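One letter stands for each residue in the lines below.
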Amino acid sequence: NLITPEQKKKMAEARQKAKTDGLKGKEMQAAVENAAGITEAHKAARTAAEEKSKAIATKINDAIAQLLTEEQKETLKASKVKSKKDKAQDKPKQEKTDKKPEQKKPEQK
């Protein structure tokens with residue numbers, strides 16, 4: 001593992017503190033990494049692991065693609081296009097609430 005359990009704990013605590021301090025994005029990430037003592041070596045190792053993972057995923061996807069029929073490939077391609085369109089649309093974010101959704105009461109006879 002690249003990150004020890006102690007570092008993970010420090011990161012979680014730092015993330016919570018950064019959140020309460022109003023930090024977001026890169027500022028939050030920097031605060032979390034600094035609190036956990038994440039070094040450039042850690043970041044380089046993480047990047048290398050991500051690249052290796054991407055390469056493996058590409059090989060797997062290519063092998064799967066060879067097994068698919070043309071019709072299945074078209075269906076898959078269409079679903080990917082649809083998924084990208086869905087992600088591209090700016091949907092307003094819903095605020096999180098602590099309220100549980102109201103449950104319907106069973107009808108009485």
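Presented here is a report on the structure given in the accompanying data block. (Residues numbered from 1 in each chain as written. Predicted model: local features only at pLDDT ≥ 70, side-chain atom pairs only at ≥ 80, totals over all residues. Heavy atoms only, no water.)

## Things to note about the overall build of the protein chain
Here's step 1: A tally of helices and strands in the protein chain yields 4 helices and 0 strands.
Here's step 2: Ordering the α and β elements of the protein chain from the N terminus gives α-α-α-α.
Here's step 3: In the protein chain, which comprises 109 residues, the share counted as buried stands at 8%.
Here's step 4: Looking at the protein chain as shown, the accessible area adds up to about 10,800 Å², and 53% of this sits on carbon and sulfur atoms. (Helix = DSSP H or I, 4+ residues; strand = E, 2+ residues; numbered from the N terminus. Buried < 20%, exposed > 50% of the residue type's maximum accessible area, 1.4 Å probe, protein only. Areas by Shrake-Rupley, 256 points an atom, 1.4 Å probe, with all protein chains shown as cover.)

## Observations regarding the packing of helix H1 (residues 5–20) against helix H2 (residues 25–36)
Here's step 1: The N-to-C vectors of H1 and H2 enclose an angle of 145°; their axes lie 8 Å apart at closest approach. Along this stretch, H1 crosses H2, giving a crossing that reads as right-handed. For the pair H1 and H2, contact is made by Gln7, Lys10, Met11, Ala14, Arg15, Ala18 and Lys19 and by Met28, Ala31, Val32, Ala35 and Ala36, respectively.
Here's step 2: Here the contact of H1 with H2 is composed, by residue class, of 8 nonpolar, 1 polar and 3 charged. (Axes fitted to C-alpha atoms, helices over the stretch in contact; angles between N-to-C directions. Left-handed = near helix turned anticlockwise from the far one by under 90°. Contact = heavy atoms within 4.5 Å. Nonpolar A, V, L, I, M, F, W, Y, C, P; charged D, E, K, R; others polar.)

## Digging into the pattern of salt bridges
Here's step 1: Using the criterion set out here, one finds 5 salt bridges in the structure.
Here's step 2: A salt bridge links lysine 17 to aspartate 21, with the shortest nitrogen-to-oxygen separation between them at 2.8 Å.
Here's step 3: Note that lysine 43 is salt-bridged to glutamate 33, the shortest N-O span being 3.2 Å. In this pair, lysine 43 is assigned in helix H3 (residues 40–67) and glutamate 33 in helix H2, connecting sequence segments 10 residues apart.
Here's step 4: Residue glutamate 33 is classed as buried on the basis of its relative accessible area, which comes to 8%.
Here's step 5: Each of Glu33, Glu40, Lys43 and Arg46 takes part in a single network of salt bridges with overlapping partners. (Salt bridge = Lys/Arg side-chain N within 4 Å of Asp/Glu carboxyl O.)

## Quick word on the side chain of glutamate 33
Here's step 1: Within the local environment of glutamate 33, its side chain forms a polar contact with the side chain of glutamine 29, the two groups lying 2.9 Å apart.
Here's step 2: Setting aside its immediate chain neighbours within four residues, glutamate 33 contacts Ile38, Lys43 and Arg46. (Polar contact = N/O pair within 3.5 Å; in protein donor to acceptor, adjacent residues only side chain to side chain.)

## Quick word on a nonpolar patch on the surface
Here's step 1: Residues Ile56, Ile60 and Ile64 make up a contiguous nonpolar surface patch of roughly 260 Å² in combined accessible area.
Here's step 2: Tracing the sequence through the fold places isoleucine 56 in helix H3.
Here's step 3: A relative accessible area of 46% places isoleucine 56 in the partly exposed class. (Patch = residues over 30% accessible without salt bridge, like charges linked within 9 Å, V, L, I, M, F, W, Y side chains within 5 Å.)

## As for H1
Here's step 1: Taking 1.5 Å of rise per residue, the 16 residues of H1 would be expected to cover 22 Å, and the 23 Å separating its terminal C-alpha atoms lies within 8% of that figure.
Here's step 2: Three or more residues of H1 are buried, namely Gln7, Met11, Ala14 and Ala18. Here the buried residues of H1 occupy an arc of 70° about the axis, which is enough to place them on one side. Set apart from the buried face of H1 by more than 90 degrees, the exposed residues are Pro5, Glu6, Lys9, Gln16, Lys17, Lys19 and Thr20.
Here's step 3: Where H1 is buried, its residues contact H2 and H3.
Here's step 4: Just downstream of H1 lies glycine 22, where phi reads positive at about 85°. (Expected span 1.5 Å × (residues − 1). Arc of directions from axis to C-beta.)

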